[in-house]
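This is what each chain is made of:
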Amino acid sequence: MAASMESKAEMGAVRAVSAAAPLALRILAECPVSKARACDLILPHGTVNTPVFMPVGTQGTMKGITADQLQDLGCKICLGNTYHLGMRPGPELIEKANGLHKFMNWKRNLLTDSGGFQMVSLVQLSEVTEEGVQFQSPYDGKEILLSPEKSIAIQNSLGSDIMMQLDDVVSSTITGPRVEEAMKRSIRWLDRCIAANKNPDRQNLFAIIQGGLNAKLRKACLDEMTKRDVPGFAIGGLSGGEEKDDFWKMVTLSTDNLPRNKPRYLMGVGYAVELVVCSALGCDMFDCVFPTRTARFGSALVPWGSLQLKKKQFAKDFQPIDPDCQCPTCKRHSRAYLHALFKTDTAAMHHVTVHNISYQLTLMRSVRESIIEGRFPEFVRTFMKRMFPVEGTYPSWAVDALASVNITLDGACSGQGCDSALC
Ligand SMILES: [Zn+2]
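Per chain, residues are indexed from 1 in the order of the written sequence. Confidence filtering applies because this is a predicted model: local features only for residues at pLDDT of at least 70, side-chain atom pairs given and counted only at 80 or more, and all residues used for totals across whole chains, interfaces and linings. Excluded from the side-chain calculation are hydrogens and water; included are all heavy atoms of the structure.

Peer 1: So what exactly am I meant to see when it comes to the coordination of the zinc ion here?
Peer 2: Six octahedral donors at a metal ideally form angles of 90 or 180 degrees, and four tetrahedral donors ideally form angles of 109.5 degrees. Ligating atoms shown are N, O and S within 2.8 Å of the metal, or 3.2 Å for Na, K and Ca, and water is not included, meaning a site may look less than complete. For the zinc ion, every protein donor is listed as Cys 325 (SG), Cys 327 (SG), Cys 330 (SG) and His 355 (ND1), and the spread of their distances is 2.1 to 2.3 Å. Geometry is assigned from the angles between donors: four donors with all angles from 85 to 135 degrees make a tetrahedral site, four or six donors whose opposite pairs exceed 155 degrees while the rest stay between 65 and 115 make square planar or octahedral sites respectively, and everything else is labelled irregular. Here the zinc ion is ringed by four donor atoms whose angles at the metal span 100 to 117°, and the overall shape comes out tetrahedral. Spacing between the donor residues of the zinc ion along their common chain follows C-x1-C-x2-C-x24-H. Each residue gets one of three labels from its accessible area relative to the maximum for its type: buried under 20%, exposed over 50%, partly exposed in between, using a 1.4 Å probe on protein chains only. Given a relative accessible area of 1%, Cys 327 falls into the buried group.

Set out below in structure tokens:
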């Protein structure tokens, strides 16, 4: 009986996927204390369990990680990079190869970015007009216009399960009229992206909430964008070097105003503490290049921080990176071996990348399990204590952000009347 009800529910969800939007969000549990939630996000290439960290999929260089390895680590959704794929090998070639899934040999879900974010790093070469982002190709110097229509055309050719709107990106530390201009233009570009999507039955378009660090502008953007019936929302324009206090307040303002029944994607966030805190604030999806980038410098992520494997202290350390980690690297290799390998071989980067992605995915699985089992606040306290074992070293923004959703940390300072030297 239970089984047949289960399969009926499953069928209902699948029907929802093939109807108006190719996405359904099933909320499995909501933390009764904080805003954390555990959901099943049903997408064209399978179900994604949230909260989720989404790694970047590459085409199998030794520096990175292959599609097969991502699958073996239990990854259900990864990112494809539109900017680079849009240029080389080019959307036509990928369309000929029957889309990015086939091209990458990745059978699960893919999220592609609009290509606009990369413009921030190429800002000297780019000019933003109402039409789009004009820039010089770093490959051949040709002038290229990335318009909302062009961005969606590229993402339609790639065939990703989730596409991101082109937005007008400004650095999170910029203030003044440019922030308002960019926010309003992003709303207009969202409408152009919605109109340009040729595959609304197969590809989900996400809006990106902008407004910088200005609460009034961000609220105005939320009010306007949530009027559009898009399948999901991203919180954009953060994690770019702004004060952490501004960061979490903008996240909280966003999750307070986003619809409950749609996925919430916090862009560019991937430090373990941020992932846990922002899950508490009600975010469902995250991405960040940090875990893979830091791996290339020999930094392995562990529940108590990180290990700098190139340091001498690991030369004769025959333990795995993390004795509790189940990843292929920890099962096979010692810290000493990896330390030695870093001196001679790029394979070392690859082994640590595998471990770091496994760490991120495992962390999010633990977050999810704790929400489903009704012990998320306890999980957060244990996680924070392990990460910051010395009393009085919790980052104050994390303490404040967690307190705002009713999670108080053991030994965290309330600020008032405290006589600790750190206060
Ligand atoms: Zn490992």
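Peer 1: How should I be thinking about the UniProt feature "domain: WH2" (unreviewed entry) in the protein in this particular structure?
Peer 2: UniProt positions are given in the numbering used here, feature names are shortened, and annotations may be inferred rather than shown by experiment. Those places that UniProt annotates as "domain: WH2" (unreviewed entry) correspond, in this numbering, to residues 201-220. Helix makes up 30% of residues 201-220 and strand 30%, whereas the separation of the span's terminal C-alpha atoms amounts to 29 Å. Under the scheme used here, helices are H or I runs from DSSP no shorter than 4 residues and strands are E runs no shorter than 2 residues, and both carry numbers assigned from the N terminus.

Peer 1: Sorry, what's going on with the sheet that holds strand β1 (residues 24-30) here?
Peer 2: Backbone hydrogen bonds hold the strands of a sheet together, and the pairing may be parallel or antiparallel. For two strands to pair, DSSP has to find at least two bridges joining them. Here three strands make up an open sheet; going across it, the order is β1-β2-β3 and the pairing antiparallel. Since the sheet does not close on itself, it has two edges, and those belong to β1 and β3 (46-50), each with one partner. With direction set aside, neighbouring strand axes in the sheet form an average angle of 15°. Angles here are taken between N-to-C directions and fall from 0 to 180 degrees, while the axes themselves are lines fitted to C-alpha atoms, restricted in helices to the stretch in contact.

Peer 1: Is there a simple way to explain the packing of aromatic side chains in this structure?
Peer 2: Pairs of aromatic rings are described using the distance from one ring centre to the other and the angle between the two planes. Whether two aromatic rings pair depends on their centres lying within 6.5 Å, for rings of Phe, Tyr and Trp, where Trp uses its six-membered ring; planes under 30 degrees apart make the pair stacked, over 60 edge-to-face, and the rest tilted. A complete count under the given rule lists four aromatic pairs for this structure. Seen in terms of ring centroids, Tyr 271 and Phe 290 are 4.4 Å apart; in terms of plane orientation they differ by 55°. Their pairing is tilted. Of the two residues, Tyr 271 sits in the loop between β13 (264-266) and α11 (272-280) while Phe 290 sits in helix α12 (residues 290-296), which places them 19 residues apart along the sequence. On the accessibility criterion, Tyr 271 (43% relative accessible area) is partly exposed. Here, over-ring charges are defined by two tests on the NZ atom of lysine or the CZ atom of arginine: distance to the ring centre within 6 Å, and angle to the ring normal within 35 degrees. Over the ring of Phe 247 we find Lys 244, and its NZ or CZ is 5.0 Å from the ring centre. When the ring centre of Trp 397 is taken as origin, the NZ or CZ atom of Lys 244, which lies over that ring, is 5.1 Å away.

Peer 1: How should the pattern of salt bridges be read in this particular structure?
Peer 2: If the charged atoms of two oppositely charged side chains come close together, the side chains can form a pair. One speaks of a salt bridge when a side-chain nitrogen belonging to Lys or Arg is within 4 Å of a carboxyl oxygen belonging to Asp or Glu. Here the structure, examined in full by the defined rule, presents 22 salt bridges. Salt-bridge contacts for Asp 284 lead to Arg 37; the nearest nitrogen and oxygen are separated by 2.8 Å. Remark: Arg 37 occurs in strand β2 (residues 37-43) and Asp 284 occurs in the loop between α11 and β14 (285-287); sequence separation between them is 247 residues. Across the pair, exposure class does not vary: Asp 284 and Arg 37 are buried alike. Measuring nitrogen to oxygen at the nearest pair gives 2.2 Å for the salt bridge that ties Glu 274 to Lys 244. In this pair, Glu 274 sits in helix α11 while Lys 244 sits in helix α10 (residues 244-257), placing the two residues 30 residues apart along the sequence. Lys 244 sits in the partly exposed class, given a relative accessible area of 29%. A single network of salt bridges, built from pairs that share partners, joins Glu 130, Asp 168, Arg 178, Glu 181, Arg 185 and Arg 188.

Peer 1: Help me out: how do you make sense of the UniProt feature "binding site: substrate" (unreviewed entry) in the protein in this one?
Peer 2: The UniProt record marks Asp 113, Ser 114, Gly 115, Gly 116, Phe 117, Asp 167, Gln 210 and Gly 237 with the feature "binding site: substrate" (unreviewed entry), using the residue numbering of this structure. Position of Asp 167 relative to the elements: it lies in the loop between β10 (162-164) and α8 (177-196). The class of Asp 167 is buried, set by a relative accessible area of 7%. Contacts of Asp 167, omitting those with residues within four sequence positions, involve Ser 114, Ser 186, Trp 189, Ile 208 and Gln 210. With respect to the helices, strands and loops of the structure, Gly 237 is situated in the loop between β12 (232-235) and α10. Contacts were defined at the residue level, with two residues in contact if any of their heavy atoms lie within 4.5 Å.

Peer 1: Would you take a moment to explain the side chain of Asp 317 for this structure?
Peer 2: Residue position: Asp 317 is located in the loop between β16 (305-308) and α13 (328-332). In this structure the side chain of Asp 317 is engaged in a polar contact, spanning 3.2 Å, whose partner is the backbone nitrogen of Gln 319. Discounting chain neighbours no more than four positions away, the residues touching Asp 317 are Ser 334, Arg 335 and Ala 336. Think of a polar contact as two N or O atoms within 3.5 Å of one another; within protein, one of them needs to be a possible hydrogen donor and the other a possible acceptor, and neighboring residues in sequence only count if both atoms come from side chains.

Peer 1: How do you make sense of the confidence of the model for the protein when you look at a structure like this?
Peer 2: Where the model shows low pLDDT, its predicted coordinates should not be examined in detail. Per-residue pLDDT for the protein averages 89, and the proportion of residues at 70 or more is 87%. pLDDT measures how confident the predictor is about each residue, on a scale from 0 to 100. Confidence drops under pLDDT 50 across residues 1-19; counting only partners more than four residues distant or on other chains, this segment forms twelve contacts.

Peer 1: Before we go on, may I ask you to explain the packing of helix α15 (residues 347-372) against helix α16 (residues 376-387) in this structure?
Peer 2: What describes two packed helices is the angle between their axes and the distance between those same axes. Contact pair α15 / α16: the axes reach a minimum separation of 7 Å and the direction vectors enclose 145°. Along its contact with α15, which presents Tyr 359, Leu 363, Ser 366, Val 367, Ser 370 and Ile 371, the element α16 presents Phe 376, Phe 379, Phe 383 and Met 387. All residues other than Ala, Val, Leu, Ile, Met, Phe, Trp, Tyr, Cys, Pro, Asp, Glu, Lys and Arg, Gly among them, are scored as polar; the first ten of these are nonpolar and the last four charged. Residues belonging to the contact of α15 with α16 are distributed by class as follows: eight nonpolar, two polar and no charged.

Peer 1: Honestly, the nonpolar core in this entry has me stumped. Any pointers?
Peer 2: Generally speaking, nonpolar side chains in soluble globular proteins are found buried as a group. Phe 376 and Phe 383 are the most contacted members of the largest nonpolar core, which has 60 residues in total. The element best represented in this core is α11, accounting for seven residues. If we skip the residues at most four places from it in the chain, Phe 383 touches Ala 272, Val 273, Val 276, Tyr 359 and Leu 363. Among the nonpolar cores identified, the runner-up in size contains 26 residues, and Ala 67, Leu 70, Val 133 and Ile 357 belong to it. Side-chain atoms within 4.5 Å link the members of a nonpolar core, which is a set of buried Ala, Val, Leu, Ile, Met, Phe, Trp, Tyr and Cys residues.

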